[in-house]
Amino acid sequence: MRLVFAGTPEVALPSLDALVGSSHEVVAVVTRPDARAGRGRTLVPSPVKERALELGLEVLTPRRPSEPEFLDRLREIAPDACPIVAYGGLIPKAALEIPAHGWVNLHFSLLPAWRGAAPVQHAVMAGDEVTGATTFLLEEGLDTGPTFGVMTEAVHPGDTSGDLLERLAHAGAGLLVATLDGLEAGDLEAVPQPSEGVSLAPKISVEDARVRWATPALAVDRQVRGCTPAPGAWTTFRGERLKVHPVTVAADAEPVAPGELVVTKHEVLVGTASTPVRLGTVQPHGKKAMAAADWARGVRITSGETLTDA
């Protein structure tokens, strides 16, 4: 089949590479426009655009997929299907109707669970033991279209959202290719999603990533892992922001007040609503990440000092 692939971040690259290496023909790529990044705020192309240019593919970067120029070009290309992975924009009805087999979305959850922009982060933060990926026919609703196929993936106890997303991106790429194979063969039909088991996964904001020390240790652990690497869990110490990397539950430690710091020669503990958690690495504002014990020695923490979530 002739394909136009849509995607933007690095997580979409395994799917693009898998499709290019398949029996199908990727004739063009749709991605978000170059965005400003870094201290110099220079324009930077998306990872998908960079890969597409390396592959010699035509790249379309509409500000909105509803632009007439984009729709006209898509009609000229006349794709059989448009596979889409983490594109980052709403596809209007006018564009949805162009490919004969529609837009086939690879979503990183077991739909209808975790519909939305951040399914993997929410799965980790909720303590899900199993998640996966789903291919479905894109429609105007939020991840509501009928599904083609699924794959499952265990959530490991120490997984960050970054760890889990990397595994899903690679395994899901195979699912996406298999879905398109099935559509081409004519032996795959979309099945409506069940009405039960729906949950939403909105984008995780910076405020959502502020560590809530007044919750149990297990919830703190899940929150920090779910926000790693993005947007990055954080707290405040002496009025300044401190980035918190994954922690471990110190089940054998004596309970202390939520947020209270306990420093020994080799470790730094923080109180929660249950048992304390052990800090791994932290990153003070404007500095490099460092071991929590090294940070504590440098700032000379005194008895009773706390990390705050307010």
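Just above sits the structure.
Residues numbered from 1 in each chain as written. Predicted model: local features only at pLDDT ≥ 70, side-chain atom pairs only at ≥ 80, totals over all residues. Heavy atoms only, no water.

(A) Structural context of the sheet that holds strand β11 (residues 240-244). Strands sit in the order β10-β11-β16-β17 across an open sheet of 4 strands; the sheet is antiparallel. Looking along the sheet, the strands with just one partner apiece sit at the ends: β10 (234-237) and β17 (290-291). (Pairing = 2+ DSSP bridges. Helix = DSSP H or I, 4+ residues; strand = E, 2+ residues; numbered from the N terminus.)

(B) Local environment of the environment of Thr-228. Relative to the elements of secondary structure, Thr-228 occurs in the loop between α7 (217-226) and β10. C-alpha separation for the pair Thr-228 and Val-244, spaced 16 residues apart in sequence, amounts to 9.0 Å. Not counting residues up to four positions away in its chain, the partners in contact with Thr-228 are Thr-160, Ser-161, Gly-162 and Pro-246. (Contact = heavy atoms within 4.5 Å.)

(C) View of the nonpolar core. Grouped together as the largest cluster of nonpolar side chains are 32 residues, with contacts concentrated most on Phe-5, Leu-19, Phe-108 and Leu-180. If you list the elements that add at least two residues to this core, you get β1 (2-7), α1 (13-20), β2 (25-30), α2 (47-54), β7 (103-107), α5 (119-126), β9 (147-154) and α6 (161-185). Considering each element in turn, this core owes the most residues, 8 residues, to α6. Not counting residues up to four positions away in its chain, the partners in contact with Phe-5 are Ala-12, Ser-15, Leu-16, Leu-19, Val-26, Ala-28, Val-29, Val-30, Val-48, Pro-83 and Val-85. In this structure, Cys-227, Ala-233, Trp-295 and Ala-296 belong to the second largest nonpolar core, which totals 26 residues. (Core = buried A, V, L, I, M, F, W, Y, C linked by side-chain atoms within 4.5 Å. Buried < 20%, exposed > 50% of the residue type's maximum accessible area, 1.4 Å probe, protein only.)

(D) Focus on the sheet that holds strand β14 (residues 268-270). Strands sit in the order β12-β15-β14-β13 across an open sheet of 4 strands; the sheet is antiparallel. The sheet is open, and its two edges are formed by β12 (248-249) and β13 (261-263), each paired on a single side. Pairing analysis gives 2 bridges linking β12 to strand β15 (residues 277-278), with the strands arranged antiparallel. Bridge pairing in β15 places Thr-248 opposite Arg-278.

(E) Expanded view of the packing of α5 against α7. Between α5 and α7, the least distance of the axes is 7 Å, while the angle of their chain directions is 165°. Considered as vectors, α5 and α7 are oriented roughly antiparallel to each other. You can see that α5 and α7 cross each other, and the crossing is right-handed. The residues of α7 that touch α5, namely those facing Gln-121, Val-124, Met-125 and Ala-126, are Arg-222, Gln-223, Arg-225 and Gly-226. Each residue belonging to the contact of α5 with α7 can be placed in one class, and the counts come to 3 nonpolar, 3 polar and 2 charged. (Axes fitted to C-alpha atoms, helices over the stretch in contact; angles between N-to-C directions. Parallel < 35°, antiparallel > 145°, perpendicular 65-115°, else oblique. Left-handed = near helix turned anticlockwise from the far one by under 90°. Nonpolar A, V, L, I, M, F, W, Y, C, P; charged D, E, K, R; others polar.)

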